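Single-letter residue listing:
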Amino acid sequence: MSENEDPVSQPDNTSWKEYPFLLIKGFLMGSADVVPGVSGGTLALIVGIYTRLINAIKSFDTRFFKRLITFKFRSALSEVHWKFMVMLLSGIFCALLFFTKVVPLQIYMFTNPELVYGLFFGLIVGSIFVLIKAIDGFNWIHALFVLVGAGIGFWVVTLVPTDTSEAPWFVFISGSIAICAMILPGISGSYFLLILRKYDYILSQFGKLGTSEMMGGLLALLPFIAGAIVGLALFARLLSWLLDRYEAKTLAVLIGFLIGSLYVIWPYQDRSYEQFVSKTQVVAYESAEAEALRSNPPNTNRPEFKRLGEVVNADGAQKEVEIVTVKNKLIKSDPFVPYVTVQEAGTKHFWSGIWGLLIGLIMVMGLDYLRTET
């Protein structure tokens, strides 16, 4: 393919023999998306499918949708990279199920964050060296682009959240920015929503789905979904153009993003959380659920827990009590160096962070092998 030839004009050469490898790579991307502060784009870059992912997203253009709505299904599928996306998305979906239903990674982020973040820190550190090695003729110009990317990445991940509007136009912009961040290595889409003060808002609207407030939730989410679609379509084309014409320099900037993100992925941090009520229900005072909460106080060191609220109708015939669902949201984290900037280890899970980091570095060796397979 010539340097200026559009890669999307080429047919999707994905083979079904790649399925096991793409499934694993998709699984790794999905695993990253579960952890706030870690981007699925980070893992896509690490396992060597970043350019293919961007071009696959770009292939779903206006021509595809025009043919789709006119029932020209065979023609619509002929020019998009649907096999690649199906294989990758199946891995992502498996990871989301596995790390929310089988191994609750989000819970471990509260009970043993050093292990989880240590694992991803090791993955990113190892991958930085692997990716730099992959740039042919790495020189001072590439190093300068790495520094620029690191500066931008560090600036983004250390932005202080501010209060913002809930007007549809701003929700649209939030969706566009969040989806762009999601496919950028080193920058988390959920973290951008936190910066824009729309993380809780979007989650609360999703929480209304399947309830009596479902219609209101859907209407509130429409600007966000529309913004995500527009942002993904435009940003994927920009990245594809950059990678097609300035691949080494663009890759250097993306490596810089990874370096900049290490600040928030460092496993040893003083983390501050904000609690907010996501749901309140009223039950009988003597109900089994209320009695269980009275006899066994909840563990508040979890992403979500239930606690007893105010007593309702205390003097009436049917005494009731509120059961409040509370969520913990990370609002600030300050990194420290065990035994150096704090007394002793500063955390009871010091060795968990070390083991996680080492496992992450070892995993990079396997990921580097996967890069050479497809």
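Residues numbered from 1 in each chain as written. Predicted model: local features only at pLDDT ≥ 70, side-chain atom pairs only at ≥ 80, totals over all residues. Heavy atoms only, no water.

Asker: Account for the overall build of the chain, naming residues and giving values.
Answerer: Helix and strand counts for the chain stand at 16 helices and 3 strands. Looking at the chain as a whole, 43% of its 374 residues are labelled buried. In the chain, of all internal contacts separated by at least 6 residues, the share reaching a separation of at least 24 is 76%. For the chain, the accessible surface area stands at approximately 19600 Å², while carbon and sulfur atoms represent 65% of it. (Helix = DSSP H or I, 4+ residues; strand = E, 2+ residues; numbered from the N terminus. Buried < 20%, exposed > 50% of the residue type's maximum accessible area, 1.4 Å probe, protein only. Contact = heavy atoms within 4.5 Å. Areas by Shrake-Rupley, 256 points an atom, 1.4 Å probe, with all protein chains shown as cover.)

Asker: Tell me about the nonpolar core, residues and numbers included.
Answerer: One finds Met29, Ile49, Tyr50, Leu53 and Phe84 to be the most contacted residues of the largest nonpolar core, which totals 57 residues. Val171, Tyr201, Ile202 and Phe224 belong to the second-largest nonpolar core, a separate cluster that totals 8 residues. (Core = buried A, V, L, I, M, F, W, Y, C linked by side-chain atoms within 4.5 Å.)

Asker: Outline unusual backbone geometry, listing residues and values.
Answerer: The backbone phi angle of Phe71 is positive, close to 65 degrees, even though this residue is not glycine. Here the phi dihedral of Glu344 falls at roughly 55 degrees; this positive angle occurs in a residue that is not glycine. Mapped onto the fold, Glu344 is located in the loop between β3 (320-335) and α16 (350-373).

Asker: Any details on a nonpolar patch on the surface? Residues and values, ideally.
Answerer: A contiguous nonpolar surface patch, about 600 Å² in accessible area, is contributed by Trp140, Ile141, Leu144, Leu147, Val148 and Ile152. In this structure Leu147 comes out as exposed when scored by relative accessible area, which is 60%. (Patch = residues over 30% accessible without salt bridge, like charges linked within 9 Å, V, L, I, M, F, W, Y side chains within 5 Å. Salt bridge = Lys/Arg side-chain N within 4 Å of Asp/Glu carboxyl O.)

Asker: How would you explain helix α14 (residues 247-265) if you had to name every residue and give the values?
Answerer: End to end, α14 covers 26 Å across 19 residues, agreeing with the expected 27 Å (1.5 Å per residue, within 8%). Among the 19 residues that make up α14, 14 are buried, leaving the element largely enclosed by the rest of the structure. (Expected span 1.5 Å × (residues − 1).)

Asker: So what's going on with the confidence of the model for the chain? Which residues, and what values?
Answerer: Parts of the model with low pLDDT should not have their predicted coordinates read in detail. With 87% of its residues at a pLDDT of 70 or more, the chain has an overall mean of 81. Mean pLDDT across the secondary structure elements of the chain bottoms out at helix α11 (residues 189-195), with 67, and peaks at helix α9 (residues 140-157), with 89. Taken together, the stretch residues 1-9 has pLDDT below 50 and engages in 19 contacts with residues farther than four places along the chain or on a different chain. (pLDDT = per-residue confidence, 0-100.)

Asker: Account for the packing of helix α10 (residues 168-182) against helix α13 (residues 214-245), naming residues and giving values.
Answerer: Relative orientation of the contacting elements α10 and α13 amounts to 40 degrees, with a least axis distance of 7 Å. One element, α10, and the other, α13, form an angle in the oblique class. Between α10 and α13 the crossing geometry is right-handed. Contacts between α10 and α13 involve Pro168, Val171, Phe172, Ser174, Gly175, Ser176, Ile179 and Cys180 on the former and, on the latter, Ala220, Pro223, Phe224, Ala226, Gly227, Ala228, Val230, Gly231, Leu232 and Phe235. Of the residues assigned to the contact of α10 with α13, the class counts are 13 nonpolar, 5 polar and no charged. (Axes fitted to C-alpha atoms, helices over the stretch in contact; angles between N-to-C directions. Parallel < 35°, antiparallel > 145°, perpendicular 65-115°, else oblique. Left-handed = near helix turned anticlockwise from the far one by under 90°. Nonpolar A, V, L, I, M, F, W, Y, C, P; charged D, E, K, R; others polar.)

Asker: Describe in detail the sheet that holds β3, supporting the description with residues and values.
Answerer: On the basis of which strands lie adjacent, the open sheet formed by 3 strands has the order β1-β3-β2 and antiparallel pairing. The sheet terminates laterally at β1 (269-284) and β2 (304-312), the two strands that pair on one side only. In this sheet, neighbouring strand axes are inclined to one another by 30 degrees on average, regardless of whether the strands run parallel or antiparallel. As judged from the 15 bridges shared by β1 and β3, these two strands associate in the antiparallel manner. From the neighbouring strand, Gln275 faces β3, where its bridge partner is Asn328. Sitting on the sheet, helix α15 (residues 288-295) is in contact with β1, β2 and β3, with an inclination near 110 degrees to β2. (Pairing = 2+ DSSP bridges.)

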